[in-house]
Amino acid sequence: MNLAAWVLACLWRGIDIPYGLYGDVVVTGPDVGVLDEEMVGEVLAVCAAVAEVRQEWSSRPPVGEQQARAELLAAGRHALSRCRSGVGL
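Cut-offs and rules
Residues numbered from 1 in each chain as written. Predicted model: local features only at pLDDT ≥ 70, side-chain atom pairs only at ≥ 80, totals over all residues. Heavy atoms only, no water. Helix = DSSP H or I, 4+ residues; strand = E, 2+ residues; numbered from the N terminus. Expected span 1.5 Å × (residues − 1). Buried < 20%, exposed > 50% of the residue type's maximum accessible area, 1.4 Å probe, protein only. Arc of directions from axis to C-beta. Contact = heavy atoms within 4.5 Å. Disulfide = S-S within 2.5 Å.

Looking now at helix α3 (residues 65-85). Here α3 is 21 residues long and its end C-alpha atoms lie 30 Å apart, about the 30 Å a rise of 1.5 Å per residue gives. If you check which residues of α3 are buried, you get Ala 68, Arg 69, Leu 72, Leu 73, Ala 75, Gly 76, Ala 79, Leu 80 and Cys 83. Taken around the axis of α3, the buried residues stretch over an arc of 160°, which confines them to a single face. Of the residues in α3, the exposed ones pointing more than 90 degrees away from the buried face are Gln 66, His 78 and Ser 85. Considering only its buried residues, α3 is in contact with α1 (3-13) and α2 (37-57). Following α3 by one or two positions, Gly 86 adopts a phi angle in the positive range, close to 85°.

Moving on to the environment of Tyr 19. Along the chain, Tyr 19 turns up in the loop between α1 and α2. Counting along the chain gives 18 residues from Tyr 19 to Met 1, while the straight-line C-alpha distance between them is 9.9 Å. Residues in contact with Tyr 19, not counting those within four places in the same chain, are Trp 6 and Arg 13.

Right, let's get into the side chain of Arg 69. Take Arg 69: it is sitting in helix α3. Among the residues examined, Arg 69 registers a relative accessible area of 14% and is labelled buried. With near-sequence residues (within four places) excluded, Arg 69 lies in contact with Trp 6, Asp 16, Ile 17 and Pro 18.

Let us look at the state of the cysteines. Counted according to the given criterion, the structure contains zero disulfides. Free of any disulfide, Cys 47 has its nearest neighbouring cysteine sulfur in Cys 83, separated by 11 Å. Using a relative accessible area of 11% as the deciding quantity, one classes Cys 83 as buried.

Set out below in structure tokens:
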């Protein structure tokens, strides 16, 4: 499962998507052109947050699927918040 893509899709849509996203993902913006810097920053920030949570799970696995989803979404929300406020850029 592509956890970073799932977290991004959930956060950008504002819902907890009940199905997984698998494989490579292409992120497109509202325009046909290149993604703007803000969107690229959001993608990178959320991917980094998801990678960090997955690394933590190697020594502290989540209790269950719902807890794992909640932890990933919380990390993604925090990363987006920092990105959008200009912190850590």
